[in-house]
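Below, each chain spelled out in residue letters.
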Amino acid sequence: MTSMPFYVSPEQLMKDRADYARKGIARGRSVVVLGYDRGILFVAENPSRALHKVSEIYDRIAFAAVGKYNEFENLRVAGVRYADLRGYSYDRIDVTARGLANAYAQTLGTVFTQESKPYEVEIVVAEVGQGPDDDQIYRLTYDGSVADEHGFVAMGGAGDAIEAALKQRWTPGMSLGEALTLAVELLGKDPAGGPDRTLAPTQLEVAVLDRERPRRTFRRIGGGLLAALLNHDSQVTDAPVVDDATPGHHGTLTGETLTGDAPRDATTNPQTQRPTSQEQGHDGSEGQG
Amino acid sequence: MSLGPDAGRLPAAYLATGSSSFTEFIGAHAPQLLPSRRPLPSGSFEAPHGTTIVSATFAGGVVMAGDRRATMGNIIANRDMEKVFAADEYSAVGIAGTAGIAIELVKLFQVELEHYEKIEGALLSLEGKANRLASMIRANLAMAMQGLSVVPLFAGYDLERGAGRIFSYDVTGGCYEERDHHSVGSGSLFARGALKKLWRSGLPTDDAVRVAVEAIYDAADDDSATGGPDVGRRIWPTVAVVDQDGVRFLGDDELRAVVERVIDQRQDNPGGAR
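Residues numbered from 1 in each chain as written. Chains lettered and ligands numbered in written order. Predicted model: local features only at pLDDT ≥ 70, side-chain atom pairs only at ≥ 80, totals over all residues.

A. Representation of the overall build of chain B. Each helix and strand counted, chain B has 8 helices and 13 strands in total. Computed over its C-alpha atoms, the radius of gyration of chain B comes to 20 Å, within 12% of the 19 Å expected for a compact globule of 274 residues. Taken along the three principal axes of its C-alpha coordinates, chain B extends 75 × 45 × 30 Å. Burial status across chain B gives 50% buried among its 274 residues. In chain B, 69% of the contacts between residues at least 6 apart in sequence involve partners at least 24 apart. (Helix = DSSP H or I, 4+ residues; strand = E, 2+ residues; numbered from the N terminus. Rg over C-alpha atoms; globule rule 2.2 N^0.38 Å. Buried ≥ 20, exposed ≤ 12 C-beta atoms within 10 Å, placed from the backbone. Contact = placed C-beta atoms within 7 Å.)

B. The overall build of chain A, seen in detail. Along the backbone of chain A there are 7 helices and 11 strands. For chain A, with 289 residues in total, the buried portion stands at 45%. Sequence-distant contacts in chain A: of pairs separated by 6 or more residues, those separated by 24 or more amount to 63%.

C. Inspection of the environment of B:Gly162 at higher detail. In this structure, B:Gly162 sits in the loop between β8 (150-158) and β9 (163-169). With 103 residues separating them along the chain, B:Gly162 and B:Ala59 place their C-alpha atoms 9.7 Å apart.

D. Spatial organisation of helix α6 (residues 223-230) of chain A. Residues and elements named next belong to chain A. When α6 is considered as a whole, its buried residues turn out to be Leu225, Leu226, Leu229 and Leu230. Seen from one end, α6 has its buried residues packed into an arc of 130 degrees, which puts them on one side. Looking at the packing, one finds that the buried side of α6 touches α5 (176-187), β9 (204-210), β10 (218-221) and β11 (252-253). (Arc of directions from axis to C-beta.)

E. Spatial organisation of unusual backbone geometry. Its identity as a non-glycine residue notwithstanding, A:Arg215 has a phi of 50 degrees, on the positive side. When you line up the elements, A:Arg215 lands in the loop between β9 and β10. A:Arg215 sits in the partly exposed class, given 14 other C-beta atoms within 10 Å. Positive phi outside glycine occurs at B:Asp268, with the angle close to 60 degrees. Residue placement: B:Asp268 occurs in the segment after α8 (252-265).

F. Broad picture of the sheet that holds strand β13 (residues 246-249) of chain B. Residue and element names in this part refer to chain B. In space, the 5 strands of this open sheet follow the order β11-β2-β3-β12-β13, with antiparallel pairing throughout. Strand pairing shows two members of the sheet lacking a second neighbour, β11 (181-184) and β13, which therefore form its edges. For this sheet the average axis-to-axis angle between neighbouring strands, irrespective of direction, equals 15 degrees. As defined by bridge partners, strand β2 (residues 53-58) adjoins β11 across 4 bridges and the pair is classed as antiparallel. Within the sheet, the bridge partner assigned to Ala56 lies in β11 and is His181. (Pairing = 2+ DSSP bridges. Axes fitted to C-alpha atoms, helices over the stretch in contact; angles between N-to-C directions.)

G. Structural detail: the sheet that holds β9(A). Residues and elements named next belong to chain A. The strand order β8-β1-β2-β9-β10-β11 describes an open sheet built from 6 strands, whose pairing is mixed. Looking at the sheet topology across the chains shown, the edges are occupied by β8 (152-155) and β11. As judged from the 2 bridges shared by β10 and β11, these two strands associate in the parallel manner. Note that in β11 the partner of Ile221 across the bridge is Leu253.

H. Just the packing of helix α3 (residues 99-120) of chain B against helix α4 (residues 126-138) of chain B, in detail. Residue and element names in this part refer to chain B. Interaxial distance between α3 and α4 falls to 11 Å at its minimum, and their mutual angle equals 140 degrees. Comparing the axis directions of α3 and α4 gives the class oblique. Between α3 and α4 lies a crossing whose hand is right-handed. Two secondary-structure elements touch here, α3 through Leu105, Leu108, Phe109, Glu112 and Leu113 and α4 through Lys129, Arg132, Leu133 and Met136. Across the contact of α3 with α4, the residue classes tally to 6 nonpolar, no polar and 3 charged. (Parallel < 35°, antiparallel > 145°, perpendicular 65-115°, else oblique. Left-handed = near helix turned anticlockwise from the far one by under 90°. Nonpolar A, V, L, I, M, F, W, Y, C, P; charged D, E, K, R; others polar.)

I. Inspection of the nonpolar core at higher detail. In terms of nonpolar packing, the biggest core is built from 158 residues, with A:Val33, A:Val125 and B:Ala212 touching the most fellow members. Those residues in contact with A:Val33, other than ones at most four positions away along the chain, are A:Ile40, A:Phe42, A:Ala64, A:Val124, A:Ala126, A:Ile137, A:Phe152 and A:Val153. (Core = buried A, V, L, I, M, F, W, Y, C linked by C-beta atoms within 7 Å.)

J. Here's a closer look at the confidence of the model for chain B. Per-residue pLDDT for chain B has a mean of 90; in total, 97% of the residues score no lower than 70. Our summary of model confidence lists the complex with pTM equal to 0.90 and ipTM equal to 0.90. (pLDDT = per-residue confidence, 0-100.)

K. Spatial organisation of the packing of helix α7 (residues 205-222) of chain B against α8(B). Residue and element names in this part refer to chain B. Closest axis-to-axis distance for the α7/α8 pair is 10 Å, and the angle between their directions is 60 degrees. The angle between α7 and α8 falls in the class oblique. The two elements α7 and α8 cross, and the hand of that crossing is right-handed. Contacts between α7 and α8 involve Val209, Arg210, Val213, Glu214 and Tyr217 from the first element and Val258, Val259 and Val262 from the second.

L. The pairing of strand β3 (residues 54-58) of chain A, seen in detail. All names here are of chain A. Buried residues dominate β3, accounting for 5 of its 5 residues. The pairing of β3 with strand β4 (residues 61-67) spans 4 bridges and is antiparallel. Bridged to Glu56 within β4 is Ala62. Connecting β3 to the next strand, β4, in antiparallel fashion are 2 residues.

M. Highlighting α8(B). All names here are of chain B. Taking 1.5 Å per residue as the helical rise, α8 with its 14 residues ought to reach 20 Å, and the 20 Å between its terminal C-alpha atoms agrees with that figure. For α8, every residue scored as buried is listed here: Leu255, Val258 and Val259. An end-on view of α8 places all buried positions within 95 degrees of arc, on one side of the element. Exposed residues lying more than 90 degrees from the buried face of α8 are Asp253, Ala257 and Asp264. Where α8 is buried, its residues meet α7 and β12 (238-243). (Expected span 1.5 Å × (residues − 1).)

N. View of the pairing of strand β5 (residues 121-127) of chain A. Residue and element names in this part refer to chain A. Most of β5 is tucked away, with 7 of its 7 residues classed as buried. The side-chain alternation of β5 yields two buried faces, one formed by Val121, Ile123, Val125 and Glu127 and the other by Glu122, Val124 and Ala126. Pairing of β4 with β5 involves 7 bridges; the strand directions are antiparallel. The residue of β5 that forms the bridge with Ala65 is Ile123. Two strands pair when backbone bridges link them, and β5 and strand β6 (residues 136-140) are joined in this way by 5 bridges, in the antiparallel orientation. Directly across from Ile123, in β6, lies its bridge partner Leu140.

O. Quick look at the environment of B:Glu114. All names here are of chain B. Looking at the secondary structure, you find Glu114 in helix α3. Residue classification places Glu114 among the buried positions, given that 23 C-beta atoms sit within 10 Å. For the pair formed by Glu114 and Phe22, sequence separation is 92 residues and the distance between their alpha carbons is 9.1 Å.

Structure, rendered in structure tokens:
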């Protein structure tokens, strides 16, 4: 008896790999990235407080992913290393989402064609600009293709259905509260046509790139602030400009400072830099000497 | 360099699992960026040196101040250099020694702390930060032997204890916690004397700032390499306050008021406050 020939056409090989990756990604819960008036919003259905799907990469750049956690976590760490090394050897403003998206695309593309198993991930690299027109959102898929998206992206199991709905309902200049409510409503829809779910704040991972902030613009949104933003009866439609007053890590805004004035002011906000010359009234650059 | 199939892809070191230390990452991937990994020229040469840094605790935090002068032999190389930096949200680092290498180390230390924060999603403890800085100074020993030494002073707000703490270093990377107050650099002998006489436990923030400025003034009074407040050019010492709200640098107007009071009180009384 002769064995079967081992020839597989390149088309078949790539198709098999793509199907494999797509299947892996479709199993996961979705992530929505969308622009709002003051920045870019990331919403993921993710009950875990520790294993993040959305993360900070650099001052104005963030990362969101769906798929296999160990694979996208690996890419996230690589992105932070890429950005920090670039910022250290050039300058902070020379770190761009476009450069990072290219590096990710090359990496995903090489892994897809050359390694035995493609990455089962889909990622978004977003950079908040000075105005809404300068915002950049790049979507990268498992095979290394890049798409420059305008306004919104949805990825994961229900990604296509959510994106179709966003096309109808997303408008530029939405407030944070409106954009968040829309994203959460769409994440709760069942693509198979079942009844809608109402997602509680504890099932959500929410973060923003806030263009008004100096230097590091990425903040997670949680606690009372997230509940207030989702609640239509509350007057809260935007995140506060100052961080929480409690000493500690200020990566998350919980809205503690919504009432009264915060002791933390803008000068403590740019975490590792001297105040700029406008604030300080003299040259505060670091590199001299 | 030929363009292989992997051109443009992130090198394997980026995707390697393990360290959340930026220094370890570039040590493996781009060692030429670390000051300690560069080949050293033989012989000695002159480079600008930074001088005096003082730090003092107060109720609920710590203040750090530095003069603005850098000297090269008998020449003033720079009269408005910044030598006190925010290392991260809750700590400040001041540097004495070879200015070029010291500033490079501070930049590296700032990235190191932010890198850890992004990868781990948490802040390092204050001791953790102090120990990271110690290992960076330790790696610099070969340069220190050639006269390119860097001696930092590290101060921060300890979130666990709710108090300010000060750490000093030697060229071999020894890290020592200091009680109450400390000073490093060429004018530190005089500054320490002033701190010893003026510092009280539980000082309010404003008084701690004044004590730090007095100490810098006394250092500049007796050490030619330390610059005093320059009224004509409006160059004041750099003063950072670290407390539970984070690191805050005093603005020029605030500093001018403090400095002018110190100068006024020293008219016909060169010894200053006591």
